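Chain by chain, the residues run as shown.
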Amino acid sequence: MLAPGWPAVLADGPVTLRPYHRADARAWSEVRRVNERWLAPWEPTPPGSWAELNAPSSFRYVLRELRRSGRTGEAMPFAVVYSGRLVGQLSIGNIVRRAFCSGYAGYWVDHRVAGRGITPTALALVVDHAFHAGGLHRIEVNIRPENTASRRVVEKLGFREEAYHPRYLHIDGAWRDHVGYAITAEDVVDEGGLLARWHRVSGRT
Ligand SMILES: CC(C)(COP(=O)(O)OP(=O)(O)OC[C@H]1O[C@@H](n2cnc3c(N)ncnc32)[C@H](O)[C@@H]1OP(=O)(O)O)[C@@H](O)C(=O)NCCC(=O)NCCS
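Model, not experiment: these values are computed from the prediction.

A. Local environment of the environment of leucine 169. Checked against the element boundaries, leucine 169 lands in strand β7 (residues 160-171). Residue classification places leucine 169 among the partly exposed positions, given that 16 C-beta atoms sit within 10 Å. Along the sequence, leucine 169 and arginine 67 sit 102 residues apart, while their C-alpha atoms lie 24 Å from each other. If sequence neighbours within four positions are ignored, leucine 169 has contacts with Asn142, Arg176 and His178.

B. Broad picture of unusual backbone geometry. For the bond from tryptophan 6 to proline 7, the omega torsion is 0°, close enough to zero to count as cis. Here proline 7 shows up in the segment before β1 (10-12). The backbone phi angle of serine 83 is positive, close to 50°, even though this residue is not glycine. With respect to the helices and strands, the residue serine 83 is situated in the loop between β3 (76-82) and β4 (85-96). In the Ramachandran plot, cysteine 101 falls in the positive-phi region, its phi being about 45° despite a non-glycine side chain.

C. Representation of helix α8 (residues 194-202). Buried within α8 we find Leu194, Leu195, Arg197 and Trp198. Along α8, the residues classed as buried sweep out an arc of 155° about the axis, all on the same side. Contacts from the buried residues of α8 go to β1, α5 (118-131), α6 (148-157) and α7 (185-189).

D. Focus on the site of the ligand. The local shell around the ligand holds 20 residues, among which Ala114, Gly115, Thr119, Ala149 and Arg152 are the closest. In terms of residues, the shell around the ligand owes the most to one element, α6, which gives 5 residues. The residue makeup of the shell around the ligand, split by class, is 12 nonpolar, 6 polar and 2 charged.

E. Quick look at the sheet that holds β3. Strand order in the open sheet formed by 8 strands is β1-β2-β3-β4-β5-β6-β8-β7, with mixed pairing between adjacent strands. Two strands in the sheet have a free side with no partner beyond their single neighbour: β1 and β7. Averaged over all pairs of adjacent strands, the angle between their axes in this sheet comes to 25°, without regard to strand direction.

F. Looking closely at helix α1 (residues 25-34). Within the span of α1, buried status applies to Trp28, Val31 and Arg32. Along the long axis of α1, the arc covered by the buried residues comes to 100°, so they all point the same way. In the core, the buried residues of α1 are packed alongside α4 (59-72) and β4.

G. Spotlight on the environment of methionine 76. Mapped onto the elements, methionine 76 comes out in strand β3. Given 30 C-beta atoms within 10 Å, methionine 76 falls into the buried group. Each C-alpha atom, one on methionine 76 and one on arginine 18, is 9.7 Å from the other, the two residues being 58 residues apart in sequence. Those residues in contact with methionine 76 that lie beyond four places of it in its chain are Gly5, Trp6, Gly70, Ser91, Ile92, Val126, Ala130 and Gly134.

Calculation notes
- Here the residue index of a chain counts from 1 through its sequence in written order.
- Reporting in this predicted model follows two pLDDT cut-offs: at least 70 for local features of residues, and 80 or more for side-chain atom pairs to be given and counted; totals over whole chains, interfaces and linings ignore these cut-offs and use all residues.
- By definition, any uninterrupted DSSP run of H or I lasting at least four residues is a helix, any uninterrupted run of E lasting at least two residues is a strand, and each is numbered from the N terminus.
- Counts of 20 or more other C-beta atoms within 10 Å of a residue's own C-beta define buried residues, counts of 12 or fewer define exposed ones, and intermediate counts define partly exposed ones; C-beta atoms are placed from the backbone.
- Contact between two residues is assigned when their C-beta atoms, built from the backbone, lie within 7 Å.
- The directions considered for the arc run from the helix axis to the C-beta atoms.
- Placing the C-beta atom from the backbone, one calls a residue near a molecule or strand if that atom lies within 6 Å of it.
- Note on residue categories: nonpolar means Ala, Val, Leu, Ile, Met, Phe, Trp, Tyr, Cys or Pro, charged means Asp, Glu, Lys or Arg, and polar means any other residue, Gly included.
- Being paired, for any two strands, means DSSP has found at least two bridges between them.
- Note on geometry: axes are lines fitted to C-alpha atoms, helical ones only across the stretch in contact, with angles between N-to-C directions running from 0 to 180 degrees.

Structure, rendered in structure tokens:
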């Protein structure tokens, strides 16, 4: 049986979200390796060297785990493609159903395309998808207080700041505090969804 909302392809203008393919190995490795200094401060502490873990040959293990988590309904792991180029990732993970119907969003983009609104567009697409085909009710994003770029993403989309979690996740070598943001389906229903809200507030059509 397929997990609700997975697999899927979502698009808005030049931004497309889709499952990873085997053929992404080289592009994935290039973008991950070029962005080590940009990404490492915000990612779970890696269990080995960045170059090795992000080599083209490692991609099949990454892909196997992403596919497994998508198939079982634990996650919706999307590759982010911009004007035809693989530039990042946006995943809903830690999906819990029953009375919770909630998941955590995590994301990154290549520093060479930062500041173009790719991530808010991608997050709005995925949240709307998660609330409809995915059958979820709530999406949470946890961000280190000093990560102003990521906090701007959720603030521009109108997520609610709900919590402060001391020593919440093991990121870049230590247990780091996080600010908890969330959005529920009711928050955007009157506006026709989060993408419609993002188009309105950003002036994008
Ligand atoms: C956080 C991140 C995903 C935002 O993606 P994005 O597609 O650039 O998002 P936006 O275009 O909306 O830009 C968000 C903010 O980044 C900052 N920014 C803009 N251009 C930038 C650039 N060239 N370099 C660095 N930061 C920039 C601005 O503060 C911007 O907010 P503003 O629109 O109010 O000016 C991206 O910065 C990233 O990948 N960072 C490293 C990984 C990370 O932090 N992941 C999230 C962990 S919680």
